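# Notes for the structure review
Single-letter residue listing:
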Amino acid sequence: MIRYLKSREALLVGVILALIALIASRFPAFILPSNLVNVFTDTSPLIILAVGQAIVILTRCIDLSVAANLALTGMVCAMLNVAYPGLPIPFIIAVALMLGAVLGAINGILVWKLTIPPIVVTLGTLTIYRGIIFVISDGAWVNAHEMSAAFTGFPRAEILGLPVLAWLAILTAATFFVVIARTPLGRAFYAVGGNPHAAVYAGLNVGKTQFWAFVLSGTLAGLTGYLWVARYSVAYVDIAKGFELEVVAACVIGGIAIAGGAGTIMGAILGAIFLGIIKNALPVVGISPFWQLAISGAAIVIAVAFNARAGRAKGRIILKRAEAEAQA
Amino acid sequence: MNDTARHIPDRLQSPALKAFKSWETLLLAVAIAIFVTNSFLSPYFLNAWNLSDATFNFTEKAMIAFAMALLIIAGEIDLSVASIIALASTAMGAALQLDVGTWGLVAVGLGTGVLCGAFNGLMVTGLGLPSIVVTIGTMSLFRGISYIVLGDQGFRGYPSEFSFFGQGYVWWVISFEFVLFAGLAVLYYILLHRTNFGRAVYAIGNNPTGALFSGIRVARVRFILFLLTGLMAGVAAVCLTSRLGSTRPTIALGWELEVVTMVVLGGVNILGGSGSIPGVVIAAFVMGLVTFGLGLLNVPGIVMSIFIGCLLIGVIALPRLWAMRRT
């Protein structure tokens, strides 16, 4: 019980509640249920991407191409909708998932088969994917009036008071909660990131596990691509530009160790919610939205510094405890 | 002593053969091939002034790439360089509002760069944090500060003497930036290949623990490297701001990628431990000539970035694919 209270997740929940209380004390309208639903819905893309990124970081990799993947998949979905307005939404979603998976698999293959450092691979594919959007769209925008009502309506349709977009974030979180905790692949992500050499001796294929992490991250980015374009009813080359950093920030704030092997999906989700609240509170409190980039940057820097300190203290405590037990 | 049983050759390979097979030679051949192809593809390519213009495509990035090469050889990386440019440029713009003179502006630009580099270096060496995460964080932080200061506005109206750094010519078509680039190339060549400091950089990149036990002040060397990278970003900020004549928060957006690409293309191992300054110099020319050539053929900038992304992955992938084929 005490262990749970001391965990990063409990700390984050505390910080988030304190933050909400602080905002609510000045602006009570912020905690109206309808507004909280808005905040959560607005944060949903970040939550979905953070879950995928968390898995990638767990395996000691990093995926900087998620935002570019999102934008490319979103553009393809939008162009598909414009060209064939009759296509059913489930088909569009299937295309988004598959295209996202393929783009993720390209990263995965390069990391797995050619053992190129993930940061180099995804920095490269980031620019390539963005470039491809320009090539296929010719730099043109796909605007709201060109999209079909069903296409843009899907993420906004409400079920039990929550939009589909929010439900999808909850569904993604729940699914990966189970996948990570209860499946061999989920445990393999931790093993590969925690100690790759030990993972090899335990019979795991490190590269292949990392490959699957990239495929999952890509798939979720693809799904978010459709949702993003449909929600904002616009697709162009630069949508979600720089969003990959916010996703990494959510993970780092959520306690996912950048060196791999430590952290929880719950942490990443809470990290995303934390950033989401800040982002939505800024205009309410009257701070210019231009502050947002610096705030997420500062949050990353503070969170990594904090992670390093927390990790170090824990190691010492274990040693001290072991020493005390040895002397007793 | 049985001097017949053990025959140790004086040299494993003749130096000439080794040089011939090196990455730098291959790269030089590529550069020459691109040069020749370009001069056939576009009638405007072989013109002294056009070629002089082409050097602006890479001089500023290459200045950062020299310091970045040392940093990557030592096993670290700095992804915040483009954001340091933005912040340094913003600081210069802010100083301009206070009627600071040309040399004051230069000092502000370089000083901001050094401060940012020191911040990165302190986070990495002082707190023992991985440089990738720290600099991803400061990448948003530094540019974020620029956004806070500037919003959707910009600074302009730099003094006319200030424009010399980015637009001035030393002699005929030889620009000030090109001379600076060449001078820095020589300085970094000496620093990396001819000093104890340079040997320490290689040693740290190959084996940080071993380097520490052989008496190298690993943390200090790393810190100095971050400082140098920050300083070079400051130098690039002075040149770029002077060349553009204005400051916007989106200045040099995405340059970190091009700088890292330049370094890796130059044969520096992304995992640290090996690489050379001549390689980076040739890589700078290759990238500059390619972007200039594509520009003459009216290829849009974002399509060039596809090419640069492919180049980055390709130069690392090809040797590995080649090695896989042979085994």
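Report on the accompanying structure.

### Things to note about the overall build of chain B
- Helix and strand counts for chain B come out as 15 helices and 4 strands.
- By the compact-globule yardstick of 20 Å for 327 residues, chain B fits well, its C-alpha radius of gyration being 21 Å.
- Referenced to the eigenvectors of the C-alpha coordinate spread, the extents of chain B come out at roughly 80 × 55 × 35 Å.
- Excluding contacts between residues fewer than 6 apart, the proportion of contacts in chain B whose partners are at least 24 apart in sequence is 78%.

### Focus: the packing of aromatic side chains
Residue and element names in this part refer to chain B.
- Evaluation of the coordinates by the stated rule reveals 24 aromatic pairs over all chains.
- When the ring of phenylalanine 162 is compared with that of phenylalanine 165, the centres are 5.8 Å apart and the planes differ by 65°; the resulting orientation is edge-to-face. As far as burial versus exposure is concerned, phenylalanine 162 and phenylalanine 165 are alike and both buried.
- Ring-pair connections join several aromatic residues into one group, and the members of that group are Phe58, Phe66, Phe178, Phe181, Tyr188 and Phe285.

### With respect to the interface of chain A and chain B
- At the interface, 38 residues of chain A touch 40 residues of chain B.
- Taken together, both faces of the contact between chain A and chain B bury some 3300 Å²; the carbon and sulfur share is 88%.
- Together, A:Leu114, A:Phe290 and A:Val301 form the three largest contributors to the area buried by chain A at its contact with chain B, with a combined 17%.
- Inspection of the chain A/chain B interface yields 0 salt bridges.
- At the boundary of chain A with chain B, the tally comes to 2 residue pairs in polar contact (both at pLDDT 80 or more).
- Going through the elements one at a time, α5 (89-113), α6 (118-137), α12 (243-253) and α14 (291-327) of chain A are the ones with two or more residues in the side of chain A that touches chain B.
- Tallying contributions element by element places α6(A) first for the side of chain A that touches chain B, with 13 residues.
- Of the residues contributing to the side of chain A that touches chain B, the split by class is 28 nonpolar, 6 polar and 4 charged.

### Details of the pattern of salt bridges
Residue and element names in this part refer to chain A.
- For the structure on display, the rule yields 7 salt bridges over all chains.
- With its nearest N and O atoms 3.4 Å apart, the salt bridge here joins aspartate 238 to lysine 241.
- Residue aspartate 238 is classed as partly exposed on the basis of its relative accessible area of 36%.
- When the shortest N-O distance is used, the salt bridge between lysine 279 and glutamate 246 registers 3.8 Å. Pair noted here: lysine 279 is in helix α13 (residues 265-285) and glutamate 246 is in helix α12, with a separation of 33 residues, a long-range link.

### Some thoughts on the environment of A:Val284
Residue and element names in this part refer to chain A.
- Structurally, valine 284 is set in helix α13.
- It is 35 Å that separates the C-alpha atoms of valine 284 and threonine 122, two residues lying 162 residues apart in sequence.
- Not counting the four nearest positions on each side in its chain, valine 284 is found in contact with Phe27 and Phe30.

Reading the values: the criteria
- Counting starts from 1 at the beginning of each chain's written sequence and moves along it residue by residue.
- Following the order in which they are written, the chains are lettered starting with A and the ligands numbered starting with 1.
- Local features in this predicted model are restricted to residues of pLDDT 70 or higher, and side-chain atom pairs are both shown and tallied only at a pLDDT of 80 or more, whereas totals for entire chains, interfaces and linings draw on every residue.
- The side-chain numbers reported here are obtained from all heavy atoms of the structure, hydrogens and water having been left aside.
- Numbered from the N terminus, helices here are DSSP runs of H or I no shorter than four residues, and strands are runs of E no shorter than two.
- The reference for a compact globule is 2.2 Å times residues^0.38; the radius of gyration itself is calculated from the C-alpha atoms.
- By definition in these notes, contact holds between two residues if any of their heavy atoms fall within 4.5 Å.
- Pairs were defined over the aromatic rings of Phe, Tyr and Trp, the Trp ring being its six-membered one, requiring ring centres within 6.5 Å. Orientation was assigned from the angle between planes: stacked under 30 degrees, edge-to-face over 60, tilted for the rest.
- For the exposure calls, accessible area comes from a 1.4 Å probe over protein chains only, and a residue counts as buried if that area is under 20% of its type's maximum, exposed if over 50%, partly exposed in between.
- Once two parts are joined, some of their accessible surface, as seen by a 1.4 Å probe, is lost; buried area is that loss totalled over both.
- Any carboxyl oxygen of Asp or Glu that lies within 4 Å of a side-chain nitrogen of Lys or Arg is treated as forming a salt bridge with it.
- Any N or O atom pair separated by 3.5 Å or less is treated as a polar contact, with the protein-specific requirement of one donor-capable and one acceptor-capable atom, and with residues adjacent in sequence counted only for side-chain atom pairs.
- Residues are grouped as follows: Ala, Val, Leu, Ile, Met, Phe, Trp, Tyr, Cys and Pro are nonpolar; Asp, Glu, Lys and Arg are charged; all remaining types, including Gly, are polar.

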